[in-house]
Amino acid sequence: GAGVSQSPSNKVTEKGKDVELRCDPISGHTALYWYRQSLGQGLEFLIYFQGNSAPDKSGLPSDRFSAERTGGSVSTLTIQRTQQEDSAVYLCASSLAGTGKETQYFGPGTRLLVL
Amino acid sequence: SQKIEQNSEALNIQEGKTATLTCNYTNYSPAYLQWYRQDPGRGPVFLLLIRENEKEKRKERLKVTFDTTLKQSLFHITASQPADSATYLCALPKPRVYNQGGKLIFGQGTELSVKP
């Protein structure tokens, strides 16, 4: 079956512009995660959606970052007024919920470059 | 705060040898630990999960150990092959006491290079 997909695969934008990154999780996965990976760094948690619960936004680095998950499926990560330090690979992952279902399935990522 | 450390230096080994990667963590008692593989330009791919009550887990040529006293996990690849060359990440779940669900804290990864 289809895995997690993300679009666009690459995005180049100018400082100060807004960008939207999209994630299509695996069908039936109730949990969805956004991570950020800077060059040569590990993954940094951004936000977590689980079913109809309020999202855990504790990893968002500033109020310029926001995310939505519509209908419990597709998610959009929005970065407003982009800065050069926002340049990174943004990874989305999805999983089932519960003990024994902790495996996260990652998409290929969106490579964002802010000039 | 919780911290995960992996060998920051790349590991270079000869084909056929066993690769051993280390993951140490502090200020934390995770219920489980995961290992992921990441190839350049791709998202991480899940390899193995080991729970706190398990000492060792195997999958084909992979073996993971979990020492909750030392707060350390070792990841072994036996009979390594050039195709095993990748970055390997260990990951632990955020503490449940904070009700933070299944999100993971990742180490920075260790790059493994297997030479023919």
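Each value, and the rule that gives it
Residues numbered from 1 in each chain as written. Chains lettered and ligands numbered in written order. Predicted model: local features only at pLDDT ≥ 70, side-chain atom pairs only at ≥ 80, totals over all residues. Heavy atoms only, no water. Core = buried A, V, L, I, M, F, W, Y, C linked by side-chain atoms within 4.5 Å. Buried < 20%, exposed > 50% of the residue type's maximum accessible area, 1.4 Å probe, protein only. Helix = DSSP H or I, 4+ residues; strand = E, 2+ residues; numbered from the N terminus. Pairing = 2+ DSSP bridges. Axes fitted to C-alpha atoms, helices over the stretch in contact; angles between N-to-C directions. Patch = residues over 30% accessible without salt bridge, like charges linked within 9 Å, V, L, I, M, F, W, Y side chains within 5 Å. Areas by Shrake-Rupley, 256 points an atom, 1.4 Å probe, with all protein chains shown as cover. Salt bridge = Lys/Arg side-chain N within 4 Å of Asp/Glu carboxyl O.

J.: Outline the nonpolar core, supporting the account with residue identities and numerical values.
T.: By size, the foremost hydrophobic cluster in this structure holds 24 residues, and its most contacted members are L33, W35, F75 and Y88 of chain B. Taken together, the elements giving at least two residues each to this core come down to β3 (19-26), β4 (32-38), β5 (45-51), β7 (62-67), β8 (72-77), β9 (86-93) and β11 (110-115) of chain B. Counting 20 residues, the second-largest nonpolar core is a separate cluster that includes V19, L21, W34 and A67 of chain A.

J.: An account of the sheet that holds strand β1 (residues 5-7) of chain A is needed here, citing residue identities and associated values.
T.: Residue and element names in this part refer to chain A. Taken in spatial order, the four strands of this open sheet run β1-β3-β7-β6, and their pairing is antiparallel. A strand with exactly one partner marks an edge of an open sheet, and here the two such strands are β1 and β6 (65-69). Taking each pair of neighbouring strands and ignoring which way they run, the sheet shows an average axis angle of 15 degrees. One ladder, built from five bridges, connects β6 with strand β7 (residues 75-79); its direction is antiparallel. Within β7, the position partnered with F65 by the bridge is I79.

J.: Could you give me a rundown of a nonpolar patch on the surface, with the residues and numbers involved?
T.: A cluster of nonpolar side chains, V12, L113 and L115 of chain A, forms an exposed patch at the surface whose accessible area comes to about 280 Å². Among the structural elements, L115 of chain A can be located in the segment after β10 (110-114).

The quantities given are spatial measurements derived from coordinates; they are silent on function.
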